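One-letter residues, chain by chain:
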Amino acid sequence: MTEVRKSVFWYGCNMTRHGEIIRLSERILQAVGVEAAPVGGPSACCGSPKESTPRIAEGMGDRTMKTFNASGTPRVITWCPSCHMNLDDFMGQTNDRNFDSRHLCEALHEQRDRLAPLLTQTVEARFFVDRHVGFHGRVPVNDIIPQLLSMIPGATFADHSFRAPSYMCFGLAPIPGALADAQRATLAAMRETGADTLVTIFHSCHREMIGLERDHGIRVVNWVHLLAEAMGIPYEDEYKAWRNAGDPLAAIGPERVAAAGEVAVQKLVLPELTRPRLV
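Residues numbered from 1 in each chain as written. Predicted model: local features only at pLDDT ≥ 70, side-chain atom pairs only at ≥ 80, totals over all residues. Heavy atoms only, no water.

Draft legend 1. Structural context of the nonpolar core. In this structure, Trp 10 and Trp 223 are the most contacted members of the largest nonpolar core, which totals 84 residues. For this core, the element with the highest residue contribution is helix H10 (residues 223-231), accounting for seven residues. Every residue in contact with Trp 223, bar those within four places of it in the chain, is listed here: Leu 104, Cys 105, Leu 108, Ile 145, Leu 148, Leu 149, Val 199, Thr 200 and Ile 201. (Core = buried A, V, L, I, M, F, W, Y, C linked by side-chain atoms within 4.5 Å. Buried < 20%, exposed > 50% of the residue type's maximum accessible area, 1.4 Å probe, protein only. Helix = DSSP H or I, 4+ residues; strand = E, 2+ residues; numbered from the N terminus. Contact = heavy atoms within 4.5 Å.)

And the structure:
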């Protein structure tokens, strides 16, 4: 009997803020019949966090590629755009590659005939998608994700010609004024289309855009969140709740602060949650 080899759902190393998106992604893949073992964390890094130190980045990427090859997986399903690009541009250039790859949205789009009947819950939303120019040439995310979300009962796609620079918001953050300009242009485009819901594609964008929810009368969700709602899968976006809370420490709760270590929370978590909003 021939052994059925599972795919790998590679969520990379940047998962601490948005674990619920990763868990929902895994559940949705399972629901449409895609068997994909989740792989991530520091031992499955593409090397992008260490790009300033090329030898370290190369070593991390090589280690991950060798793990994938040794697993015998026929396919790696990516979540992070940096991982997806590094798989093609770096990891796959210096190593043999015994598998193919798809971004998560491609894997779900391939199974859209199975996904559609699962979208049973009405989600009233006129949604605007935070689309960027940089990654679409690799994976047509700007087309695929609106197509998937338009299958949701009650959801209407608010199309607009605006595309933000870079491949995700992370690339704009270091440039003075660039991210604020992109957020202002996004809000303006939403007003023009009458959209009430901003849908982020990538985790970096979600992290930067959720602050707009509190101050601008819109809802901000990731595209995976919206699919989960339509499937009736419960979730909690704790990072958004913390970022938009008047008192993030109280929102996190004393027990969790104590478990993580109050000093660590004060030094590593609060500065990010309380940073000034850009617009």
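Draft legend 2. The side chain of Asn 222, seen in detail. Note that Asn 222 resides in strand S8 (residues 219-222). Polar contacts involving the side chain of Asn 222 include one to the main-chain carbonyl oxygen of Thr 200, which spans 3.2 Å. The residues contacting Asn 222, other than those within four sequence positions of it, are Ile 21, Val 199, Thr 200, Ile 201, Phe 202 and His 206. (Polar contact = N/O pair within 3.5 Å; in protein donor to acceptor, adjacent residues only side chain to side chain.)

Draft legend 3. Representation of the sheet that holds strand S5 (residues 125-129) within the structure. Across the sheet, four strands lie side by side as S6-S5-S7-S8; this open sheet has parallel pairing. Of all the strands in the sheet, just strand S6 (155-157) and S8 have a single pairing partner and so form its edges. The mean angle between the axes of side-by-side strands here comes to 35 degrees, regardless of whether they run parallel or antiparallel. Bridge count between S5 and strand S7 (residues 197-200): three bridges; the pairing is parallel. Looking across to S7, one finds that Val 129 is bridged to Val 199. Across the face of the sheet, H10 comes into contact with S7 and S8 while running at roughly 90 degrees to S8. (Pairing = 2+ DSSP bridges. Axes fitted to C-alpha atoms, helices over the stretch in contact; angles between N-to-C directions.)

Draft legend 4. Focus on the state of the cysteines. Throughout the structure, instances matching the rule amount to zero disulfides. Cys 46 forms no disulfide, and the closest cysteine sulfur to it belongs to Cys 83, at a distance of 3.9 Å. Classification of Cys 46 by relative accessible area gives buried; the value is 5%. (Disulfide = S-S within 2.5 Å.)

Draft legend 5. A look at the sheet that holds strand S1 (residues 7-12). The strand order across the open sheet formed by four strands is S2-S1-S3-S4, and the pairing between neighbours is parallel. Across the chains shown, the open sheet's two edge strands, defined by having one partner strand only, are strand S2 (36-40) and strand S4 (100-103). Averaged over all adjacent pairs, the angle separating strand axes in this sheet is 30 degrees, with direction ignored. Of the strand pairs in this sheet, S1 and S2 are connected by five bridges, and their pairing is parallel. Paired with Ser 7 across the bridge in S2 is Ala 36. Along the sheet, helix H1 (residues 19-31) contacts S1, S2 and strand S3 (75-78); its crossing angle with S1, the most-contacted strand, is approximately 165 degrees.

Draft legend 6. Structural detail: the pairing of S3. Side chains of S3 alternate between two faces, with Arg 75 and Ile 77 and Val 76 and Thr 78 buried alike. The pairing of S3 with S4 spans four bridges and is classified as parallel. Along S4, the bridge assignment pairs Val 76 with Ser 101. The parallel pair S3 and S4 is bridged by helix H3 (residues 81-91), and the resulting crossover is right-handed. (Right-handed = clockwise from strand over helix to strand, strands pointing away.)

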